[in-house]
Amino acid sequence: MSEEKSLNFIEEIVETDLASGKYQSIHTRFPPEPNGYLHIGHSKSICLNFGLAIKYGGKTNLRFDDTNPITEETEYVDSIKEDIRWLGFEWHNEYYASDYFDQLYHFAVKLIQKGLAYVDDSTSEEIALLKGTPSEPGKDSPFRNRTREENLQLFEEMKAGKYKEGEKVLRAKINMASPNMLMRDPLIYRIKHAHHHRTGNTWCIYPMYDFAHGQSDSIEKITHSICTLEFVAHRELYDWFIEKLEIFPSRQYEFARLNMTYTVMSKRKLLKLVNEGFVTGWDDPRMPTISGLRRKGFTPASIRMFCDKIGVAKRENFIDLGLLEFCLREDLNMTAKRVMVVLDPLKLVISNFPDGKTEMMLAENGPDPALGTREIPFSKELWIEKDDFMELPAKKWFRLAPGALVRLKNAYIIRCDGFLKNDAGDIIELQCSYLPETRSGADESGITVKGTIHWVSAAHAKTAEVRLYDRLFNTENPSAEDDDFRTHINPDSLQIINSAFIEPSLETAKIEDRYQFLRKGYFCADKDSTPEKLIFNRTVTLKDTWAKATGK
RNA sequence: UGGGUUAUGGUGUAAUGGUAGCACAACAGAUUUUGAUUCUGUUUGUCUAGGUUCGAAUCCUAGUAACCCAACCA
């Protein structure tokens, strides 16, 4: 019995178009501008566009919207491709808007010939002034009524490099009184004497977004061109160009972009974080970029699950970061190997355990039997977490305390007989005794304890650096009001533990390997690791109802 | 009376005139060699005011609120 999942509004449109025979199959595209790294918001669009084609048996192109040579770079192209593949999607064709520069130029000429475009010599200030405001109509430019011949020649001279940047632009001739600002004779070509990452110095005029995007869609015969809500007003222009140019009628549909708590999503702000050193780079694990999330230890499946759960609609949304973390834990819980690591060590000595003896304890690698088992050395001196002991135990405390019994995971039940303090009054060692008849897997003592804690044998422990990441911002909506989003940066977003004690089996961890450090959270080996020094990033903590109950 | 888009629990998202459902979060309990996982249960909602109808989240009217549009960015 499969519950029928309801369709989102775009799936409804697609099904209608398929059922009516308007299209035999669908063709979507993902159109990033290569001027930054992809972030979690993009993954919503990626899952939507690629997901639609997979679900309905169509195709999805990857098309780089590279019409602004000033901000675009090959580095970004490469990272975008890597991130899409990592998310689990493969595109049908890889295209660039710059592939169409010739065609786009001829489209512009066609518009001029039809009397629907003109060259304007006004400065950008003059153009802005004549544009009017949303509530007042604009006024015609003095250059609006040049002849076709003059426009044709001027445009060709623009292309030939005869003019300086800003000296002339090509504008569509539509309606300066339109209530839609975008229809008030929008600029469609501007002069930029700049090097383009693909076409080099071939061009010195570049089409604007509105004169590249829809036409590219049309050239590729995209059936459903899906973009975010801020482009709603562009749709009228999008359709106008298709009509006047008499080209394939791609249709644009808009959905609401992803907003998430404790996160900024604009490329401008992310670039600022990188350039001003608030993070170490685009792939810093605190960044909401795909590469940052990957480095932090996220799985592609968890991100896809998240995109599936948040849905697709047209209303503004503000998704709880907790939902992303839920999807992550859901996936990692099934797949991550369990290991024992002590982050904040306290020595524990088992007085009745023989000196120098090592016992190998059997441990399951995870809840899934397919993950197998491993052996862990156990000996007289162990490291445990400082916060697993309380001299004066709180109510409902069931970890270690004077006289208390706990199970050492995969090993014995122990009793705390006493402890040592240094001159400053800090507890520096616990003295315990173990119950030999309670060995894990062979315990017929009938003794039960409420607490189980993790440990690492001091004689066998290796060390590693552990980076504990917390959210980058300490307010829910750092982009909220007038103040600078940077004032909301969490100063404690990274805490580094230089030498945590790890169990020996972890020594072979490879970059991007994911683990659950028992009772501590999920961790992932970082690319900064060297043969001499392993480094782990905390991906996400485990849910901790005890910490919550005690008020953190 | 610039134009456009959107309003369903704390957060998302369904219900397409006929029992307001699901997920996350929150809360309570059971199980547990991870205070994890798992399982059970509980709380919380149709923007407002009118109208149509046997019956309205859904249709009509009038409001209200939020977001987008005045880059030679995309």
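Here is what the cut-offs are and how they apply
Counting starts from 1 at the beginning of each chain's written sequence and moves along it residue by residue. Chains and ligands are labelled sequentially in the order written, the chains with letters from A and the ligands with numbers from 1. Restriction of local features to residues with pLDDT of at least 70 applies here, the model being predicted, together with a cutoff of 80 or more for giving and counting side-chain atom pairs; totals for whole chains, interfaces and linings are based on all residues. To obtain the side-chain values, all non-hydrogen atoms of the structure were used and water was disregarded. Two strands pair if DSSP finds at least two bridges between them. A run of H or I in DSSP becomes a helix once it reaches four residues, and a run of E becomes a strand once it reaches two; helices and strands are each numbered from the N terminus. Lines fitted to the C-alpha atoms define the axes, with helices restricted to the stretch that makes contact. Angles between their N-to-C directions range from 0 to 180 degrees. Here, residues are in contact when the closest pair of their heavy atoms is within 4.5 Å. Per-residue accessibility, obtained with a 1.4 Å probe over protein chains only, is compared with the maximum for each type, and a residue is labelled buried under 20%, exposed over 50%, and partly exposed between these values. Classification remark: right-handed applies to a crossover when, strands pointing away from the viewer, the course from the first strand over the helix to the second runs clockwise. Using protein atoms alone on a 1 Å grid, points that fit a 1.4 Å probe yet trap it form a cavity, whereas open point sets bounded by protein on both sides within 12 Å along at least five of seven lines form a pocket; residues with an atom within 4 Å of a point count as lining. Grid points are joined across faces, edges and corners, and a volume is the space filled by probe spheres set on the points. Three residue categories are used. Nonpolar comprises Ala, Val, Leu, Ile, Met, Phe, Trp, Tyr, Cys and Pro, charged comprises Asp, Glu, Lys and Arg, and polar comprises the others, including Gly. Any residue with a non-hydrogen atom lying within 4 Å of a molecule or strand is treated as near it. Between N or O atoms, a polar contact is any pair within 3.5 Å; within protein, one atom must be a potential hydrogen donor and the other a potential acceptor, and residues adjacent in sequence are included only when both atoms are from side chains. A side-chain nitrogen of Lys or Arg and a carboxyl oxygen of Asp or Glu constitute a salt bridge if their distance falls within 4 Å. Residue ranges for the domains originate in an automatic or database domain assignment. Handedness of a helix crossing follows the sense of rotation of the near helix relative to the far helix, less than a right angle counterclockwise being left-handed and clockwise being right-handed.

### Some remarks on the sheet that holds strand β3 (residues 94-96)
The strands making up a sheet are joined through hydrogen bonds of the backbone, oriented either antiparallel or parallel.
Part 1 of the argument: The strand order β1-β2-β3 describes an open sheet built from three strands, whose pairing is parallel. The open sheet has two edge strands, β1 (27-30) and β3, and neither has a second partner. The sheet shows a mean angle of 35° between the axes of neighbouring strands, taken without regard to direction.
Part 2 of the argument: With three bridges joining them, strand β2 (residues 59-64) and β3 adopt parallel strand pairing. Within the sheet, the bridge partner assigned to F64 lies in β3 and is Y96.
Part 3 of the argument: Lying over the sheet, helix α2 (residues 40-56) contacts β1 and β2, oriented at roughly 160° with respect to β1.

### Some points on the pairing of β2
Part 1 of the argument: Along β2, five of the six residues are buried, which leaves the element largely enclosed by surrounding structure.
Part 2 of the argument: With four bridges joining them, β1 and β2 adopt parallel strand pairing. Looking at β2, one finds that R29 is bridged to N61.
Part 3 of the argument: Handedness of the crossover is the feature at issue here: the chain leaves β1, passes through α2, returns alongside β2, and the resulting connection is right-handed.
Part 4 of the argument: Read from β2 through helix α3 (residues 74-87) to β3, the crossover connection turns out right-handed.

### Let's talk about empty space enclosed by the protein
Part 1 of the argument: On inspection of all chains with the given rule, the structure shows one cavity of 30 Å³ or more.
Part 2 of the argument: Estimated volume of the largest cavity: approximately 50 Å³.
Part 3 of the argument: Taken together, Y209, D210, H213, G214, H234, L237, Y238, F241 and Q252 make up the full set of residues lining the largest cavity.
Part 4 of the argument: Listing elements by their share of the lining of the largest cavity, those giving two or more residues are α7 (213-219) and α8 (235-245).
Part 5 of the argument: Broken down by element, the residue count for the lining of the largest cavity peaks at three residues, all from α8.
Part 6 of the argument: Tallied by class, residues from the lining of the largest cavity come to four nonpolar, four polar and one charged.

### Here's the deal with the layout of surface pockets
Over the atoms, a rolling probe the size of a water molecule traces out where space has been left empty.
Part 1 of the argument: Quantified by volume, the second largest pocket comes out at close to 790 Å³.
Part 2 of the argument: As for the second largest pocket, its lining consists of 28 residues, of which P31, H42, E230, F231 and K267 are closest to the centre.
Part 3 of the argument: For the lining of the second largest pocket, the secondary-structure elements that each account for two or more residues are β1, α2 and β8 (224-228).

### Considering the protein's contact with RNA strand B
Part 1 of the argument: Within the structure, RNA strand B sits among 59 residues, and E12, R338, R399, S440 and K548 are positioned closest to it.
Part 2 of the argument: Counting only atoms of RNA strand B within 4 Å of the protein, the fraction found in sugar and phosphate groups is 62%.
Part 3 of the argument: For RNA strand B, a phosphate oxygen lies 3.1 Å from a polar atom in the side chain of K192.
Part 4 of the argument: Between RNA strand B and the protein, one listed contact pairs a phosphate oxygen with a side-chain N or O atom of K548 at 2.4 Å.
Part 5 of the argument: Contributing elements (two or more residues each) for the surface near RNA strand B: β6 (187-191), α11 (300-310), α12 (321-335) and α13 (545-549).

### Remarks on the environment of L52
Part 1 of the argument: Of note, L52 is situated in helix α2.
Part 2 of the argument: Residue L52 is classed as buried on the basis of its relative accessible area, which comes to 2%.
Part 3 of the argument: Separated by 243 residues in the primary sequence, L52 and R295 place their C-alpha atoms 28 Å from one another.
Part 4 of the argument: Each residue touching L52, except ones within four places of it in the same chain, is listed here: I10, E11, V14, I26, T28, C47 and I226.

### A short note on the pattern of salt bridges
Part 1 of the argument: Counted according to the given criterion, the structure contains 44 salt bridges.
Part 2 of the argument: Ionic pairing is found between E94 and K81, a salt bridge with its closest N-O pair at 3.1 Å. With E94 in strand β3 and K81 in helix α3, this pair connects stretches of sequence that are 13 residues apart.
Part 3 of the argument: Among the residues examined, K81 registers a relative accessible area of 18% and is labelled buried.
Part 4 of the argument: For D121, the salt bridge is made with K168, and the minimal N-O distance between the two is 3.5 Å. Taken together, the residues D121 in the loop between β4 (117-120) and α5 (124-130) and K168 in the loop between α6 (148-160) and β5 (169-172) connect sequence positions 47 residues apart.
Part 5 of the argument: Through salt bridges with shared partners, a single ionic network connects D283, R295, E465, R467, D526, K527, D528 and K533.

### With respect to the sheet that holds strand β7 (residues 205-207)
Part 1 of the argument: Here four strands make up an open sheet; going across it, the order is β4-β5-β6-β7 and the pairing antiparallel. Every other strand in the sheet has two partners, leaving β4 and β7 as the edge strands with one partner each. In this sheet, neighbouring strand axes are inclined to one another by 20° on average, regardless of whether the strands run parallel or antiparallel.
Part 2 of the argument: Strand direction decides the pairing type here: β5 and β6, joined by three bridges, are antiparallel. Residue pairing across strands places L170 opposite Y189, the latter belonging to β6.
Part 3 of the argument: Together, β4, β5, β6 and β7 form the strand contacts of helix α4 (residues 101-113), whose direction differs from that of β6 by roughly 120°.

### Overview of the domain arrangement of chain A
Part 1 of the argument: Here the domain parsing of chain A yields domain 1 (9-257), domain 2 (267-337 + 464-550) and domain 3 (341-454).
Part 2 of the argument: For domain 1 and domain 3, the distance between their C-alpha centroids amounts to 64 Å.

### Here's the deal with the packing of helix α1 (residues 9-19) against α2
Part 1 of the argument: Running from N to C, α1 and α2 cross one another at 35°; their axes reach a closest spacing of 12 Å. The element α1 and its partner α2 pack so that their crossing is right-handed. Here I10, E11, V14, E15 and L18 of α1 lie close against α2, whose contacting residues are L48, L52, K55 and Y56.
Part 2 of the argument: Of the residues assigned to the contact of α1 with α2, the class counts are six nonpolar, no polar and three charged.

### Focus: the environment of D66
Part 1 of the argument: Along the chain, D66 turns up in the loop between β2 and α3.
Part 2 of the argument: Residue classification places D66 among the buried residues on the basis of a relative accessible area of 0%.
Part 3 of the argument: Between the alpha carbons of D66 and H196 there is a distance of 8.6 Å; along the sequence they are 130 residues apart.
Part 4 of the argument: When neighbours within four sequence positions are excluded, D66 is seen to be in contact with P34, E72, Y96, A97, S98, F101, H196, H197 and R198.
Part 5 of the argument: Side-chain polar atoms of D66 contact the side chain of H197, separated by 3.0 Å.

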